[in-house]
Amino acid sequence: MKPLLSRIAGLAASVIIVLWGAATLAFLAFRVIPGDPVSVMLGPQAQVSEAVKDGIRAELGLDRPPLEQYFSYLGQLLQGNLGESYQLRMPVTEVIGRQLGATVQLTALALVIAVVLALAVALFARGRVSRGVVAGIELVVLSSPVFWIGILLLSVFAFGLGWFPVSGTRNPATIILPAVTLALPVAALLGQVLRDGIEAAERQPWATTVRARGAGQVRLTAHHTLRHGAAGALTLAAYLVGSLLGGAVLVETVFARPGLGRVTLSAITDRDLPVITGIILFSALVFVVVNLIVELLYPVLDPRLRPIDARVREVRT
Amino acid sequence: MSALVVQGLSVTVQGMLLVDGVSFEVAAGECVAIVGESGAGKTITASALLGLTPDSARVTADVLSIDGVDARAFSESEWRDLRGNRVGLVSQDALVSLDPLRRVGSEVAEPLAIHTRLSRRERRERAIDLLESVSMTDAARRAGQYPHELSGGLRQRALIASALAGEPAVLVADEPTTALDATVQARVLALLRSIADAGTAVVFISHDIAAVRRVADRVLVMRAGRVIEQGTAADVLSAPQHEYTRELITATTHAPRADRFGLGDAVLTGVDVSKAFAGAPVVDGASFTLLQGQTLGIVGESGSGKTTLARMIVGVDRPDSGELRWSGGPGAHRVQLVHQNPLGAFDPRWTVGRSLREALEAGGVPRAARAARVAALMAEVGLDPVLARRRPAALSGGQRQRAAIARALAADPDVLVLDEPVSALDPSVREKVLQLLGRLQRGRELTMIFISHDLDVVAAVSDDVLVMQDGVVVEQGPVAAVFAAPQHPFTQELLAAGR
Amino acid sequence: MSVSARADIDRRVRVSSRGTGPRRALLWAALAILAVVAVMALFPQLVATQDPLRTDVRAALEPPSAAHLFGTDQSGRDVFSRVVHGAGRSVGIGLLATALALVIGLVVGTLSGIAPRAVDATVMRVTDVLLAFPEFLVALVVVAILGPGPTNVAIAVTIAAVPVYVRLARVQTRSLSLAEHVEAARILGVPAMRAFVRHVVPGVLGSLSVLATIGIGSSILAAAGLSFLGLGPTEPSPEWGLMLSGGRNVLVTAWWIAVFPGVAITLTVVSATIVGRSLRAGAEGRAR
């Protein structure tokens, strides 16, 4: 029991540290950059008097001593308050919350497509030739900018063949092309790692033992090597989620879809610091959650990582 | 009717003839051993018996009859019916031969899942029965564990159980005990013998003559793909006909060294030396004396603390308590180490010559003299000077070991510590290296500390011996005395296992 | 278990094709493409004769022809010239970021590898967190903080590339420092610092250089992505990501404006990756 508790405590501690680190980093980052945030926010063209700027500064709480700002900032975060958007005059949580759904839909669908695609390729591309072809396709997909893939798919399938509607959120079919676009690089990477893991596992001595029992390729893969490959792929989970989020920003722009991508982009160009901070913290939260799930899943997949009961060990037969 | 009949078996891989006309028979209840050095073709022969040769291999035979079935022109799916069912395989080192992500019980029951229609519960019960039949205590609990949770000996038993699950008529065991400690080896070999006695035809492949002696009825000696001698175990091992077989046998049995005269004063005295890693004691109160010109052997199994003791003597680690007293004070003697793994001890990107020059530089030899000294050192250890331009990976095991010795000698030591210097070498190569060490000791008046788990080798080279178990020196004394009349039960066990 | 995704990813991927024939041909093709790109980047005037900035509204949106190999864009500018002139900017950022990140990563990683445990653990924890994110995302965050602009994009891409090199440098430093042959050298009497410089540093440099050739691709993609979003260079500079963004709106009528820059990016990154993987396979072969 004790090792389990200490492990949970350790995980909880690292979760808190990462979140706190991200919050502090965001806070520091904006204080460190040169230039007065208010002037930046208003833009170089604005003809505003110093008094008005002071007023805005006081309103936003930027004139208080830094340490006080830091603690009130942390305090607000703990209450779930991410501040208010400079531009939209709305709570940041609301700004993010409104657009979150569309992005989540897109990302979730892309993830499912990616996993299915990767599994199918890893399982069915068996021969040397097909493995070579698949490896080549994966290389090209991973070397292409995801937004270019989106553009290509758009011109071929939407504009060219007319199979899919081009835009508009009413029609559920509009999510398919963007989801496929987003899924392709993830599927390529996942497929590579999965296949590599399976191939490496097949070279192990225990694979010979399995074959010596009379097992065929199907049994070897399904009961043995797939699990080894999956364990390797799991280490990528956080990276893949990050890839999906980053890709979502680009894909939403290509297909003109609403979502966090639009929010992020306008926040960056408008220098809307509270929203940017909110998005950074949100990403940190997602990262932390995914990592937590992965850490908990590792011992499930690889029993060697489970704590060994001291009584179980025997030194000699 | 023999369970296994092989006649004229030949295997060609990429134009190279690796197995050339091998013929032998194994009857039910018989154990036939195939011995030979590495590269003799033993493992490829074993693979051919299961149809597991590499895709690029061409296998031909006049007769290949496994449990009465003619397997010469078998397709892959026909082989799959045979494997696990009529012929089983036990490999070396169960730690890597069992799927680490699957429970022991599932691994043992897998042949049943492939070849029978038993339900999952029935399979599980059969698995437990099988584990009990290989003398695994607490079989039901073990079946639910993972391979890494079992000790080496238990794992090997589980591997054997999984090979027997399909009740094959023929069991091919390829070096099944090589990765185990001596005492554990003895027990697993006894298990294999009992399996043969119960009616299975066992093919036992090994390079370890002592193990073969315990288990085999008949012996085949292979060299470069051919069978050069065949006969009953008694005949081949005690009265070998062929020159090569004779070489092989003598290379693996040594008489303990007679007492030497002319040993000097104490060079090093170890007093109650102890060291612990992470709270667990690794060396516990070791005391010994090392005389000038002597060879002190340190014997023990893995985890006995012998390597840690060696590292403390060389000066890499420091004892937590106790003292290592060098005559003349610390630093008065030059101590060098010959590593267990010469491949790892050389920088893989450097040529051997460059590594030797580095050693000479560290020893203070002026630049101008280095080239000549490198040549001299290589000649001293019997290496062709052209090898100095090669990288360690391009040398054979024996050559690498000689290079490692040369490098240790470059610093002109008077004490040489050798950690398992010949364990990874073939018997004939081993002989030559041991002879070299003897010559070097006499020529340079070296004092040597020789660490090994192989009693036979230690007996051949050492004057005195320390026997270590779990960090403690359980027995010590002149090697002839200790081996003739061991006092401590562990020493007795070790000697019994090696015989 | 911490995640060192990117370094691990490329390490895992092996070129699965056996036979040196096709692999060799592929390597030569990749090197040829990189040579062409290098020429385009360094001497664009030699390849593209027309002025990438010259507008000619009457010739707007013309499909590829003899006069305009890749057609013209909305302002009548020659797409081919723009692609050629854009090579310097797009690839240049990737190269610069990689070179800088390599140096920074080498220094930080090596020092961390020989630093006391606590310092090393903190540095690696931070690096692992950063490594869990794809380069593009990290670069996006940096641009979010610093603001848009071509200089900031360069800074962002550099910062995003650093963690991989830090991790690799540190891992190599640690493992090589503890390697048997380094210890063997010290037992022979080689002074610790000399042993370190002779045995550890070359190994670390070697691995990092190989990683860099693979990493250039990620940096180019990250920079292109940021430009596509409009956060990098602004019109009328020719830059591949930016051109893709410009071509997005006229996709139906003028596909060539978006497609060719994309092909350029893809070909460059594919070639760099192939060359990098060959180097790594060679290095692994030699070091065994």
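The structure displayed is predicted, hence computed values, not measured ones.

Turning our eyes to something else, we now look at the overall build of chain A. The helix and strand inventory of chain A stands at 13 helices and zero strands. Seen in sequence order, chain A has helices and strands lined up from the N terminus as α-α-α-α-α-α-α-α-α-α-α-α-α. With 317 residues in all, chain A has 36% of them scored as buried. Partitioning the contacts of chain A with sequence separation of at least 6, the portion at a separation of at least 24 is 74%.

The secondary structure content of chain B amounts to 20 helices and 20 strands. In summary, chain B has a C-alpha radius of gyration of 25 Å against a globular reference of 23 Å for 499 residues, a match within 12%. Overall size of chain B, expressed as C-alpha extent along the three principal axes, is 75 × 50 × 45 Å. Relative to its 499 residues, chain B shows a buried fraction of 48%.

What follows concerns the interface of chain A and chain B. The interface of chain A with chain B comprises 25 residues on the first partner and 29 residues on the second. Those elements that provide at least two residues to the side of chain A that touches chain B are helix H9 (205-212) and helix H10 (217-234) of chain A. Looking at the side of chain A that touches chain B element by element, the count peaks at seven residues for H9 of chain A. Class assignment of the residues belonging to the side of chain A that touches chain B gives a composition of nine nonpolar, eight polar and eight charged.

What follows deals with the domain arrangement of chain B. Domain annotation of chain B identifies domain 1 (4-250), domain 2 (266-333 + 414-498) and domain 3 (353-410). Taking only C-alpha atoms into account, the centre of domain 1 of chain B sits 41 Å from that of domain 3 of chain B.

Moving on, we get to the pairing of strand S9 (residues 201-206) of chain B. All names here are of chain B. Most of S9 sits inside the fold, with six of its six residues counted as buried. Alternating residues of S9 divide into Ala201, Val203 and Ile205 and Val202, Phe204 and Ser206, and every residue in both groups is buried. As defined by bridge partners, strand S3 (residues 31-35) adjoins S9 across five bridges and the pair is classed as parallel. If you follow isoleucine 34 over to S9, its bridge partner there is isoleucine 205.

Turning our eyes to something else, we now look at helix H12 (residues 306-314) of chain B. Buried within H12 of chain B we find Lys306, Thr308, Leu309, Ala310, Met312 and Ile313 of chain B. Remark: glycine 315 of chain B follows H12 of chain B within two positions and exhibits a positive phi of approximately 105°.

Glancing now at helix H1 (residues 42-50) of chain B. Of all the nine residues making up H1 of chain B, eight are buried; the element is thus mostly covered by neighbouring parts of the structure. Regarding H1 of chain B, the residues found buried are Lys42, Ile44, Thr45, Ala46, Ser47, Ala48, Leu49 and Leu50 of chain B.

Residue and element names in this part refer to chain A. Packing of helix H11 (residues 237-254) against helix H13 (residues 273-301) brings their axes to within 9 Å, and their N-to-C directions diverge by 150°. Classified by the angle between their axes, H11 and H13 sit roughly antiparallel to one another. Read as a crossing pair, H11 and H13 show a hand that is right-handed. Facing H11, whose interface residues are Ala237, Ala238, Val241, Gly242 and Leu245, H13 presents Ser283, Val286, Phe287, Val290, Asn291 and Val294. Taken together, the residues of the contact of H11 with H13 break down into eight nonpolar, three polar and no charged.

Let us look at the sheet that holds strand S7 (residues 87-90) of chain B. The pairing of strands in a sheet comes from backbone hydrogen bonds and takes either a parallel or an antiparallel form. All names here are of chain B. Taken in spatial order, the six strands make up an open sheet running S7-S8-S9-S3-S10-S11, and their pairing is mixed. Every other strand in the sheet has two partners, leaving S7 and strand S11 (226-232) as the edge strands with one partner each. When strand polarity is set aside, the average angle formed by the axes of neighbouring strands in this sheet is 20°. Contacts from H1 reach S3, S7, strand S8 (170-174), S9 and strand S10 (218-223) within the one sheet, and its direction differs from that of S8 by about 150°. Sheet strands in contact with helix H7 (residues 152-164) are S7 and S8, and its direction is about 170° off that of S7.

The next thing to look at is the environment of glycine 229 of chain A. Residues and elements named next belong to chain A. Along the chain, glycine 229 turns up in helix H10. Sequence spacing of glycine 229 and leucine 184 is 45 residues, and the spatial spacing of their C-alpha atoms is 19 Å. Beyond its immediate chain neighbours, meaning those up to four positions away, glycine 229 contacts Ala122, Leu194, Gly197, Ile198 and Ala201.

Moving on: the packing of helix H9 (residues 192-228) of chain C against helix H10 (residues 240-248) of chain C. Two numbers describe a pair of packed helices, the interaxial angle and the distance between the axes. Residue and element names in this part refer to chain C. Look at H9 against H10: their axes get within 7 Å of each other, and the N-to-C directions meet at 40°. One finds that H9 runs oblique with respect to H10. As H9 runs across H10, the sense of the crossing is right-handed. Contact residues: H9 offers Ala223, Ala224, Gly225, Leu226, Ser227 and Phe228, while H10 offers Trp240, Gly241, Leu242, Leu244 and Ser245.

Take the confidence of the model for chain A next. Residue and element names in this part refer to chain A. The predicted model of chain A has a mean per-residue pLDDT of 80, with 88% of residues at 70 or higher. No element of chain A has a lower mean pLDDT than helix H2 (residues 37-42), which averages 66, and none a higher one than H9, which averages 91. In the model, residues 310-317 has pLDDT below 50 throughout and makes twelve contacts with residues more than four positions away in sequence or in other chains.

Our focus in this paragraph is the interface of chain C and chain A. Across the contact, 44 residues belong to chain C and 43 residues belong to chain A. Tallied by class, residues from the side of chain C that touches chain A come to 31 nonpolar, eight polar and five charged.

Residues and elements named next belong to chain B. The strand order S13-S12-S15 describes an open sheet built from three strands, whose pairing is antiparallel. In the strand order of this sheet, the two ends are held by strand S13 (280-291) and strand S15 (321-326), each with one partner. The mean angle between the axes of side-by-side strands here comes to 15°, regardless of whether they run parallel or antiparallel. Looking at chain direction, strand S12 (residues 266-277) and S13 are connected through eight bridges and run antiparallel. From the neighbouring strand, valine 273 faces S13, where its bridge partner is alanine 286. Packed onto the sheet, H12 meets S12, S13 and S15 and runs at close to 60° relative to S13.

Quick notes on the rules
- Residues numbered from 1 in each chain as written.
- Chains lettered and ligands numbered in written order.
- Predicted model: local features only at pLDDT ≥ 70, side-chain atom pairs only at ≥ 80, totals over all residues.
- Helix = DSSP H or I, 4+ residues; strand = E, 2+ residues; numbered from the N terminus.
- Buried ≥ 20, exposed ≤ 12 C-beta atoms within 10 Å, placed from the backbone.
- Contact = placed C-beta atoms within 7 Å.
- Rg over C-alpha atoms; globule rule 2.2 N^0.38 Å.
- Nonpolar A, V, L, I, M, F, W, Y, C, P; charged D, E, K, R; others polar.
- Domains from an automatic or database assignment.
- Pairing = 2+ DSSP bridges.
- Axes fitted to C-alpha atoms, helices over the stretch in contact; angles between N-to-C directions.
- Parallel < 35°, antiparallel > 145°, perpendicular 65-115°, else oblique.
- Left-handed = near helix turned anticlockwise from the far one by under 90°.
- pLDDT = per-residue confidence, 0-100.

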